[in-house]
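If you want the building blocks of each chain, they are given just below.
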Amino acid sequence: MAEWPRQSPPDVALRGVCPRCGRGRLFRGLLTVVDRCSVCDLDLRGNDAGDGPAVFVILGLGAIIMILVFWVEFRFEPPWWLHVLIWGPLTFGLAVWFLRVLKALLIAQQYAHRSTALDDE
């Protein structure tokens, strides 16, 4: 088995690549993790990001968006429909991006510390 260079978990998370080789795609679609890396054949079925990323996104992004909503409301007093046009797409886009990054970060950390079945057999 070839030795793979150690990948930086933040780099893996931001690029959405395999935690072992750093070249294969980690996601199929928006948030679905691939079963195997197409480059190094790492079995990714054993990963378990759980609900951690979702909890952090809901609480963290929710707080940030609400602070911005209140700031915009009290500072500029826009009509309600403008709030919908601004915050709906912004919240959705940031939530998906943060979920991908946090999920990939947890998978990369699991691989780096071998805490799941991601290890070579």
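Residues numbered from 1 in each chain as written. Predicted model: local features only at pLDDT ≥ 70, side-chain atom pairs only at ≥ 80, totals over all residues. Heavy atoms only, no water.

**Some words on helix 3 (residues 80-113)**
So, step 1. Spanning 34 residues, helix 3 covers 48 Å between terminal C-alpha atoms, matching the ideal 50 Å at 1.5 Å per step.
So, step 2. Residues of helix 3 that are buried include every one of His83, Trp87, Ala95, Val96, Val101, Ala104, Ile107, Ala108, Gln110, Tyr111 and Ala112, and no others.
So, step 3. Next to the buried residues of helix 3 lie helix 1 (9-15), strand 1 (27-28), strand 2 (32-33) and helix 2 (52-76).
So, step 4. Phi turns positive, to about 55 degrees, at Arg114, one or two residues after helix 3. (Helix = DSSP H or I, 4+ residues; strand = E, 2+ residues; numbered from the N terminus. Expected span 1.5 Å × (residues − 1). Buried < 20%, exposed > 50% of the residue type's maximum accessible area, 1.4 Å probe, protein only. Contact = heavy atoms within 4.5 Å.)

**What to know about the environment of Phe27**
So, step 1. Its place among the elements puts Phe27 in strand 1.
So, step 2. Separated by 73 residues in the primary sequence, Phe27 and Arg100 have C-alpha atoms spaced 8.3 Å apart.
So, step 3. In this structure Phe27 touches Gly16, Thr32, Val33, Val34, Arg100, Lys103 and Ala104, once residues within four positions along its chain are discounted.

**Notes on the packing of aromatic side chains**
So, step 1. Taken as a whole and assessed by the stated rule, the structure comprises three aromatic pairs.
So, step 2. Centre to centre, the rings of Phe70 and Phe74 are 6.2 Å apart; their planes meet at 10 degrees, and the pair counts as stacked. One end of the pair is Phe70 and the other is Phe74, both in helix 2 and four residues apart, which spans about a single turn.
So, step 3. Under the relative-accessibility criterion, Phe74 is labelled exposed at 65%. (Phe/Tyr/Trp six-rings, centres within 6.5 Å; stacked < 30°, edge-to-face > 60°.)

**A short note on the confidence of the model for the chain**
So, step 1. Per-residue confidence for the chain gives a mean pLDDT of 91, with 93% of residues at or over 70.
So, step 2. Ranking the elements of the chain by mean pLDDT puts strand 2 last, at 92, and helix 2 first, at 96. (pLDDT = per-residue confidence, 0-100.)

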